Every structure is written in structure tokens, then in C-alpha cells.
Amino acid sequence: MSEHETVRSWLALSAAGLLEPAEERRVHEHAVTCPQCSAELEDYAGLSAEMRALPAPQPPDHLVTRTAALLLVEADRRQGSYFAVGAAVLVFVLVLAMGQTLRVILGDELGDQAAFVWLLGATVSSLFGTTAALVLTAARRRTERSIV
Amino acid sequence: MIYPAAIDGNFPVAEPVQVTRLRSGDPAALAETIAFYQHRLYRYFTRLVRDPAAADDLFQQTWLHVVRQLHRYDAARSFDTWLFAIAHNAAIDLLRRRPGERLEDHEFELPAHAPDALSAVLAGERAAILAAAMAALPALYREALTLRFEEGMKLEEIAEVTRTPLSTVKSRVRRGLEAMKQRLCREQLL
């Protein structure tokens, strides 16, 4: 490839400021003696300047407010999730501890029955609690969607 | 005359303090940061997906992702680059699912006339023709041009945002500019 062809293939990148210093020097040295490359480089430079000054699309007025509101709901949801997991672990430990305590206090036979009833009651209550949590989560998701 | 190939480097960047406040979950910091980036990010999405409603959705998705992944952000790196990399992923994901979208055609030619080219010429709206020519480029060329000329990103930053080699970024900018120049020549605007 001749110097002219090489430099010509670099003209757009020169105008975009993406050439290495040595390549940039070669472009400029060649353009001084080559009217065709000089004119083309000038075209690219003008085009690049216009590209930098293109009118920017205007974001909608509500965009920041809506996005910030969405992120707050998300932060709230995440915080709620952490609390829910923490609370679930705590309740699980308490239920097991209570069952064990009943067995120790009431003796083997009666204690086993009491612990079974206790665990059954706790399981049913947990199921109600989980259902309520799922309903609340679904309601929150609907709120999020209405924000987006 | 030979023009210097300088690009204006005075683009706003997020302050490290702002990022720290963002990490703390401060709602005011969150709103400030979103407002700080709204024009740049919205412009980037609009150029890339050419649809204001989709740009709006992508803007919100990007910030949701930012908040969820903020713990992974390395403060030693540029927040701008990290943010735009997330934006890039969201936009490209959308474009890949869009039927008929050309991400990167190796053989492409811009249409000789955009539908509104004549009226734009008559009205002297050269910028509108430029914007129309840019919108007709394949998505990845549009992206390279907007990141370089409108965002003022360096070659390495564009490569990091788009996760492509430097040579690919250069090739996209060059081909994009060449196509734009050809288009303007055909319109007798150069």
C-alpha cells in the first residue's frame, strides 16, 4: 500500500483523534503535500465538529423523579427482604427451642405430644404468615410496575 | 488547512463523594446522581435504540441495575465507564431481541435520502440530516460515534464500555464516519 493510500485510510481516525502520535504525524506530513488528502481531512474534521455539536434529545420531565421513586421502592423491597429472612430464621429457632423445652418440662410421652401439637400449630401459623407475605409482595410488585 | 484532532475533554464526571453517598443509599444522592447523568445517558440510549419510549425504559433499567450491583463497583475505575457498560448491555440486549435490527453489518450503505432529508435541507437543518444519517448506521457504529463524539470518551474507555478490542472500536468509528461523509457528499453537503 502506498503512503497516500495508507494515510487516506487514516483520515477519518485522525479527525476523530484516535490515531497514535506517530500516525498523526504521518497524516499531517502527507497532507501538507497532498491536496486531495488535505481536503478530505478538512471534510472529516468539519464532520467531526458537527457530530460533537448534534442537538441532544431532551429527556422527559418525569424521568428523574420516576427513576428515583422506582429505586426507593427497590431499596425498600431489599431491606424488607433482609428483615423477612432474619425474622424467619429467628422464628424457626424459637419454634424448635420451644418444642424442645416442652419435651423437657412435660416428660417423654406427654412432652412428645405437646411438642407435636406445638410444631403443627407453628407450621400452620407460618403458612398463614407466608401467604400474607406473598400477597404483600405481589401488591408491591404491582406498585413498582405502575411506577415504571 | 489541517485541523487538530482534539476532542474537548471537559465532560462532567461523577465525583467520588457522589459515588460514596450513592453507596450509602442516601435518597437525595440517588436523585442527584440520576439527574447528573440524565442527559448523557438518555442521549446515548436515544441514539442507540432510536425510540424515546425504549430509551426511557432502558434508563430506568440501568439505574435499577446500578443500585443492585453498586457493591461490585471498583472505586479505582471510572464510574462513567462502569455506568455506560451497564447501559450498553441493557441496550444491546434490547436490540438483539428487536427483529430486523442491524447491530454491525460489515457491508452496509446508508440510504441516499432520508424521508425528511429534502425538507431538512430546505430548512437549512444540516444537523437534522446528520442525525438522520447517523440513525441509519448499524447500531454498533452509532454507538461508537456517540461515545466518541458526544460523550468524548477515549478509545480505551469505549473499548471497556463495549467490551471490544481497540482495533474494533477504531474500525467502527472509521467506517461510521466514512459512511456519514459519503452520505453528506451525495446530499452535496460536503
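Bear in mind that the values here come from a model prediction, so they are computed numbers and not experimental data. (Residues numbered from 1 in each chain as written. Chains lettered and ligands numbered in written order. Predicted model: local features only at pLDDT ≥ 70, side-chain atom pairs only at ≥ 80, totals over all residues.)

Draft legend 1. Main features of the interface of chain B and chain A. Each partner contributes residues to the interface: chain B has 40 residues there, and chain A has 37 residues. Listing elements by their share of the side of chain B that touches chain A, those giving two or more residues are α2 (27-49), α3 (52-69), α6 (126-135), α7 (139-150) and α9 (166-186) of chain B. Among the elements that make up the side of chain B that touches chain A, the one with the highest residue count is α2(B) (10 residues). Per-class residue counts for the side of chain B that touches chain A are 27 nonpolar, five polar and eight charged. (Contact = placed C-beta atoms within 7 Å. Helix = DSSP H or I, 4+ residues; strand = E, 2+ residues; numbered from the N terminus. Nonpolar A, V, L, I, M, F, W, Y, C, P; charged D, E, K, R; others polar.)

Draft legend 2. The nonpolar core, seen in detail. Judged by nonpolar contacts, the single largest core of 68 residues is most densely connected at A:Leu11, B:Phe45 and B:Ala87. It is α2(B) that provides the largest number of residues to this core, a total of nine residues. Non-local contacts of B:Phe45, meaning those with residues more than four positions away in its chain, are made with B:Ala55, B:Leu58, B:Phe59, B:Ala87 and B:Ala91. (Core = buried A, V, L, I, M, F, W, Y, C linked by C-beta atoms within 7 Å. Buried ≥ 20, exposed ≤ 12 C-beta atoms within 10 Å, placed from the backbone.)

Draft legend 3. Examining unusual backbone geometry more closely. All names here are of chain B. For Arg50, which is not glycine, the phi torsion reads 55 degrees and is therefore positive. With respect to the secondary-structure elements, Arg50 resides in the loop between α2 and α3. Arg50 sits in the partly exposed class, given 16 other C-beta atoms within 10 Å.

Draft legend 4. Fine view of helix α1 (residues 3-15) of chain A. Residues and elements named next belong to chain A. With 13 residues, α1 ought to run about 18 Å at 1.5 Å a step, and its terminal C-alpha atoms sit 18 Å apart, in line with that. Taking the largest bend as the criterion, α1 deviates by roughly 35 degrees, centred on Ser9. When α1 is considered as a whole, its buried residues turn out to be Val7, Trp10, Leu11, Ala12, Leu13, Ser14 and Ala15. (Expected span 1.5 Å × (residues − 1). Bend = angle between axes of the 7 residues up to and from the residue.)

Draft legend 5. A look at the packing of α1(A) against helix α3 (residues 35-52) of chain A. Residue and element names in this part refer to chain A. Between α1 and α3, whose axes approach to 8 Å, the crossing angle comes to 20 degrees. Compared by their axis directions, α1 and α3 come out roughly parallel. In this structure, α1 crosses over α3, and the sense of that crossing is right-handed. Between α1 and α3, the contacting residues are His4, Val7, Arg8, Leu11, Ala12, Ser14 and Ala15 on the first element and Cys37, Glu40, Leu41, Tyr44, Ala45 and Ser48 on the second. Split by residue class, the contact of α1 with α3 holds eight nonpolar, three polar and two charged. (Axes fitted to C-alpha atoms, helices over the stretch in contact; angles between N-to-C directions. Parallel < 35°, antiparallel > 145°, perpendicular 65-115°, else oblique. Left-handed = near helix turned anticlockwise from the far one by under 90°.)

Draft legend 6. Region of interest: the packing of helix α4 (residues 63-106) of chain A against α3(B). The interhelical angle for the contact between α4(A) and α3(B), taken along N-to-C directions, is 35 degrees, at an axis separation of 10 Å. Helix-helix and strand crossings are classified by hand; for α4(A) and α3(B) the assignment is right-handed. On α3(B), the residues that touch A:Leu63, A:Thr67, A:Leu70, A:Leu71, A:Glu74 and A:Ala75 of α4(A) are B:Asp56, B:Phe59, B:Gln60, B:Trp63, B:Leu64 and B:Val67. Split by residue class, the contact of α4(A) with α3(B) holds eight nonpolar, two polar and two charged.

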